[in-house]
Amino acid sequence: MKNDSYLTTKQLAKRLEVSTRTLERWRSKGRGIRCTIWGNKALYSIDDVEAFEDSKVQQAKVNVSKKRRH
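Scope of this entry: the structure provided in the associated data block.

1. A few points about the packing of helix 1 (residues 9-16) against helix 2 (residues 20-29)
How two helices pack is summed up by the angle between their axes together with the distance between the axes.
Piece 1. Two numbers describe how helix 1 lies on helix 2: the axes approach to 8 Å, and their chain directions differ by 105°. Overall, the two elements helix 1 and helix 2 adopt an arrangement that is roughly perpendicular. Counted together, T9, K10, L12, A13 and L16 of helix 1 and T20, L23, W26 and R27 of helix 2 form the full contact between these two elements.
Piece 2. A per-class count over the contact of helix 1 with helix 2 returns five nonpolar, two polar and two charged.

Set out below in structure tokens:
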């Protein structure tokens, strides 16, 4: 489902428990969550944020599975 809500860099940093500087660094390197620049603000789509979070959960599950095999 398409959600037209957005988070600011500060809101996203709080949600992910990272610094705003980390998000800025990810943006400059083309990593992390894609964003839309509106004026002088980076805005992150809730849909993109949730997709990023889901991908991290999936990666964590795979890493746990690998550890259990050894």
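2. What about the packing of aromatic side chains?
Piece 1. A complete count under the given rule lists one aromatic pair for this structure.
Piece 2. An angle of 50° between the planes, with centres 6.0 Å apart, marks the rings of W26 and F52 as tilted. One end of the pair, W26, is in helix 2; the other, F52, is in helix 3 (residues 46-69), and 26 residues separate them in sequence. Comparing W26 with F52 shows no difference in burial state: the two are buried.

3. Quick notes on the environment of D48
Piece 1. Relative to the helices and strands, D48 is located in helix 3.
Piece 2. Sequence separation of D48 and C35 is 13 residues, and the distance between their C-alpha atoms is 8.4 Å.
Piece 3. With residues near it in sequence (within four places) discarded, D48 still touches I33 and R34.

4. Examining helix 2
Piece 1. Here helix 2 has its buried residues at T22, L23 and W26. The arc that holds the buried residues of helix 2, viewed along the axis, is 100°, so those residues lie on one side.

5. Let's talk about the pairing of strand 3 (residues 41-45)
Piece 1. Looking at chain direction, strand 1 (residues 6-8) and strand 3 are connected through three bridges and run antiparallel. Bridge pairing in strand 3 places L7 opposite Y44.
Piece 2. Direction of pairing for strand 2 (residues 36-38) relative to strand 3: antiparallel, over a ladder of three bridges. Across the sheet, residue T36 finds its bridge partner in strand 3, namely L43.
Piece 3. Here strand 2 hands over to strand 3 after two residues, with G39 in that stretch at a positive phi of 65°.

What counts as what
- Note that residues are indexed from 1 along each chain, following the sequence as it is written.
- The predicted nature of this model means local features are confined to residues of pLDDT at least 70 and side-chain atom pairs, given and counted, to a pLDDT of 80 or more, with totals for whole chains, interfaces and linings taken over all residues.
- The basis for the side-chain values is all heavy atoms of the structure; hydrogens and waters are excluded.
- Here an angle of 0 to 180 degrees is reported between the N-to-C directions of two axes, which are lines fitted to C-alpha atoms, with helices fitted over the stretch in contact.
- Secondary structure elements follow DSSP: runs of H or I of four or more residues count as helices, runs of E of two or more count as strands, with numbering from the N terminus.
- These descriptions rest on fixed angle ranges, namely under 35 degrees for roughly parallel, over 145 for roughly antiparallel, 65 to 115 for roughly perpendicular, and the rest for oblique.
- For this analysis, residues touch if any pair of their heavy atoms sits within 4.5 Å.
- Just so you know the grouping, Ala, Val, Leu, Ile, Met, Phe, Trp, Tyr, Cys and Pro go in nonpolar, Asp, Glu, Lys and Arg go in charged, and all remaining residues, Gly too, go in polar.
- The criterion for an aromatic pair is that two Phe, Tyr or Trp rings (for Trp, the six-membered ring) have centres within 6.5 Å, with stacked assigned to planes under 30 degrees apart, edge-to-face to planes over 60 apart and tilted to the rest.
- Under the scheme applied here, a residue whose accessible area is under 20% of the maximum for its type counts as buried, over 50% as exposed, and between as partly exposed, the area being computed with a 1.4 Å probe on protein chains only.
- In this description, one arc is meant: the one made by directions from the helix axis to the C-beta atoms.
- Strand pairing is defined by DSSP finding a minimum of two bridges between the two strands.

These figures capture arrangement, not role.
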